[in-house]
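Observations on the model geometry
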Amino acid sequence: MTTRRKKIYEGKAKILYEGPEPGTLIQYFKDDATAFNGEKKAQLEGKGVINNRISEYVMTRLNGIGVQNHFIRRLNLREQLIKEVEIIPLEVVVRNIAAGSIATRLGLPEGQALPRSIIEFYYKDDKLNDPMVSEEHITAFNWAATQEIDDMMATALRVNDYLSGLFSGVGITLVDFKIEFGRIYEGDFSRIILADEISPDSCRLWDSLTNEKLDKDRFRRDLGNVIESYTEVARRLGIMKEMPTVIQGGVH
Ligand code: UDP
């Protein structure tokens, strides 16, 4: 179905194919799960289907509050039509609660609320293990302009505010998340829009009552029930209605 299309790029969890018209691409969500820079690998049956659906939902809601992003429409269980962008080689992480690398780096207990939401930038380079970088590095190496950094930070905080509310409304705490941005050129000008995906692969999501992890840490830390937890996130967001067969397998 998708194999005849020209592949533009293959990443760890997604494939980008040529789109039906100029300026578009098709984003295909695989079932592959990776962690620790690809050292740990598995196939989680149905993950791509769930992440396609969750990312569609989140991007659509963000578009509704004026956060422009690359999502155009979902095509099928595993694919969505997106705008082609020039990806900025940065991972923008927003944190509300200490977990993962900030907990290790700064010696903070996991679960400790941060004094305020904190934004971090990481340079996207697997060979270097995505090192954390500062605005100085970003502008010096021309990865993004100062204005673009300001735009990314403002958008990241809007996304954080909106998603924190969205998830807290369904009993989930948004601990942290990673987003990526891309440039769209319009004549001599370019602007920055949200790209990539927003899903339990790229967020830390904890049950608000029990602090149970409902995200990729279940895979990273071998906690089990990965797909069940992703499905629970989708179910709470109210987007599970047509998906139950996925979990029994067989949907590709
Ligand atoms: N994250 C991601 N992709 C990455 C690195 C991090 O989506 O390559 C997400 C991760 O799921 C978490 C947030 O960014 O929600 C912060 O991750 P952290 O820096 O704590 O890294 P990790 O614990 O994954 O090493």
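Scroll up for the structure.
Below is a short write-up of the structure. (Residues numbered from 1 in each chain as written. Predicted model: local features only at pLDDT ≥ 70, side-chain atom pairs only at ≥ 80, totals over all residues. Heavy atoms only, no water.)

Considerations on the nonpolar core
With 50 residues, the main nonpolar core has Leu62, Leu90, Phe121, Met152, Leu163, Leu194 and Ile198 as its most contacted residues. Core analysis: the next-biggest nonpolar cluster, separate from the first, contains five residues, Tyr17, Ile26, Tyr28 and Leu81 among them. (Core = buried A, V, L, I, M, F, W, Y, C linked by side-chain atoms within 4.5 Å. Buried < 20%, exposed > 50% of the residue type's maximum accessible area, 1.4 Å probe, protein only.)

A short note on the site of the ligand
Taken together, 16 residues form the shell around the ligand, and within it Arg95, Ser101, Asp176, Arg204 and Arg220 come nearest. Within the side chain of Asp176, an N or O atom sits 2.6 Å from an oxygen atom of the ligand. For the ligand, whose unbound accessible area comes to 500 Å², protein coverage reaches 76%. More than half of the atoms of the ligand fall within 2 Å of the grid points belonging to the largest pocket. Contributing elements (two or more residues each) for the shell around the ligand: β9 (90-97), α2 (100-106), β12 (172-186) and β14 (203-207). (Near = heavy atom within 4 Å. Polar contact = N/O pair within 3.5 Å; in protein donor to acceptor, adjacent residues only side chain to side chain. Areas by Shrake-Rupley, 256 points an atom, 1.4 Å probe, with all protein chains shown as cover. 1 Å grid on protein atoms, 1.4 Å probe; cavity = no way out; pocket = protein on both sides within 12 Å on 5 of 7 lines; lining within 4 Å. Sits in = over half its atoms within 2 Å of the grid points. Helix = DSSP H or I, 4+ residues; strand = E, 2+ residues; numbered from the N terminus.)

Quick look at the sheet that holds strand β1 (residues 7-10)
Strand order in the open sheet formed by five strands is β1-β2-β3-β7-β6, and the pairing between neighbours is antiparallel. One side of each edge strand has no neighbouring strand; the edge strands of this open sheet are β1 and β6 (71-74). Neighbour-to-neighbour, the strand axes of this sheet turn through a mean angle of 25°, independent of strand direction. Note that β1 and strand β2 (residues 14-18) share three bridges and pair antiparallel. Of the residues in β2, the one forming a bridge with Glu10 is Ile15. (Pairing = 2+ DSSP bridges. Axes fitted to C-alpha atoms, helices over the stretch in contact; angles between N-to-C directions.)

Overview of the packing of helix α1 (residues 47-64) against helix α4 (residues 146-168)
Closest axis-to-axis distance for the α1/α4 pair is 11 Å, and the angle between their directions is 120°. As summarised for this structure, α1 and α4 are arranged oblique, according to the angle between their axes. Regarding α1 and α4, the two cross each other, and that crossing is right-handed. The segment α1 lies against α4, with Tyr57, Val58, Arg61 and Leu62 engaging Val159, Tyr162, Leu163 and Leu166. Taken together, the residues that form the contact of α1 with α4 break down as seven nonpolar, no polar and one charged. (Parallel < 35°, antiparallel > 145°, perpendicular 65-115°, else oblique. Left-handed = near helix turned anticlockwise from the far one by under 90°. Contact = heavy atoms within 4.5 Å. Nonpolar A, V, L, I, M, F, W, Y, C, P; charged D, E, K, R; others polar.)

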